[in-house]
Amino acid sequence: MTQHTFQKISALCLATGPILFTLGDLVRRLVEPSGTPSAAAITSAVTDHSGAWLLAGFASLLAGPLIVVGVAGLVPQAEGRGGRTSVVGAVLVVIGAFASIGHAVAFYAPYALYGRAGTDAAALKALDDASEGYPLLVALIVLFIVGMMLGSIVLLVGLRRARRVPIWSVVAAVVFVVAGSSNGLVTGVIGVIAAAAAFVPAARSLRHSMAAVQPTTSGATPLG
């Protein structure tokens, strides 16, 4: 695979990965009862909407690898002003994206399995309470939050310092983080829009950089 092809794939992944992630989260919000539902209430809702829940889980699962490939395309070009900040942000996002894969399995699968197994409310509460303190799950959540949330902002700040994205992309990254940590369908929709506003310009910057080096790499002579 040539570097040109890799950057083209990275640009596509960088644009689609975060949007797919927020779309999956939006579907989750549609299935989950509002407020602070119990494990039994979530399990009941998942049983009633098993197809939508599975779709949300797959979207979250697939978004992680897409984000990793997308962010990887930004690293070779992280030079000069904003380069170090971009690399730190990229590393954090990659860590968070990998953690999001485990987080997707750990979050979406159990409620579906509880419903299939006919687990009673008392057992559901006990399992839910126990999971909150299990070290592996806690580590996944911490890595996911620090990586995807903090990393996204740091990455977009670095890209802005390098003049690769507009200032509103940084603002969108902040909104993306806030919406992802808030409840409600409206904030879920805002999260999808913010993901597009933050990461599509970053993906476009990859395409622009490819266009800039294409004449040299293809052997063509630039006009003018």
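Just so we're clear, the structure is a prediction, and the values are computed from it rather than from any experiment.

## Brief notes about the overall build of the protein
Helix and strand content of the protein: 8 helices and 0 strands. Of the regular secondary structure in the protein, the N- to C-terminal order runs α-α-α-α-α-α-α-α. Seen through its principal axes, the protein has C-alpha atoms that stretch 75 × 30 × 25 Å. By sequence separation, contacts in the protein at least 24 residues apart represent 81% of the contacts at least 6 residues apart.

## Observations concerning the side chain of Glu-32
In this fold, Glu-32 is placed in the loop between α1 (3–31) and α2 (39–48). Contact partners of Glu-32, with chain neighbours within four places excluded, come to Ile-42, Trp-53 and Phe-107.

## Observations regarding the packing of aromatic side chains
One pass over the structure, following the stated rule, counts 8 aromatic pairs. With 6.2 Å between their ring centres and 90° between their planes, Trp-53 and Tyr-111 make a pair best called edge-to-face. Of this pair, Trp-53 sits in helix α3 (residues 50–72) while Tyr-111 sits in helix α4 (residues 83–117), and the two are 58 residues apart along the sequence. For the pair Trp-53 and Tyr-111, one class covers both residues: buried. Their ring planes at 75° and their centres at 5.7 Å tell us that Phe-107 and Tyr-111 sit as a pair that is edge-to-face. Here the residue Phe-107 and the residue Tyr-111 both occupy positions in helix α4, the gap between them amounting to 4 residues, near one helical turn. Each residue in the set Trp-53, Phe-107, Tyr-108, Tyr-111 and Tyr-114 is aromatic and connected to the rest through ring pairs, giving one cluster.

## Focus on the pattern of salt bridges
A full pass over the atoms with the stated rule returns 4 salt bridges. Across the salt bridge formed by Arg-29 and Asp-25, the nearest N and O atoms sit 2.8 Å from each other. Of this pair, Arg-29 and Asp-25 both sit in helix α1, 4 residues apart, roughly one helical turn. On the basis of relative accessibility, which here comes to 17%, the residue Asp-25 falls in the buried class. With its nearest N and O atoms 2.9 Å apart, the salt bridge here joins Lys-125 to Asp-129. Of the two residues, Lys-125 and Asp-129 both sit in helix α5 (residues 121–131), 4 residues apart, roughly one turn of that helix. Residues participating in the shared-partner salt-bridge network are Asp-25, Arg-28, Arg-29 and Glu-32.

The rules behind the values
Residues take numbers from 1 onward in each chain, read along the sequence in its written order. Confidence filtering applies because this is a predicted model: local features only for residues at pLDDT of at least 70, side-chain atom pairs given and counted only at 80 or more, and all residues used for totals across whole chains, interfaces and linings. Processing note: side-chain calculations cover all non-hydrogen atoms of the structure and skip hydrogens and water entirely. Helical segments are the DSSP runs of H or I of at least four residues, strand segments are the runs of E of at least two, and each set is numbered from the N terminus. Should any heavy atoms of two residues lie within 4.5 Å, those residues are counted as being in contact. Pairing of aromatic rings covers Phe, Tyr and the six-membered ring of Trp, with a centre-to-centre limit of 6.5 Å; geometry is then stacked below 30 degrees between planes, edge-to-face above 60, and tilted otherwise. Between buried and exposed lies partly exposed: a residue is buried under 20% and exposed over 50% of the maximum accessible area for its type, with that area taken using a 1.4 Å probe on protein chains only. Salt bridges are defined by distance alone: a side-chain nitrogen of Lys or Arg within 4 Å of a carboxyl oxygen of Asp or Glu.

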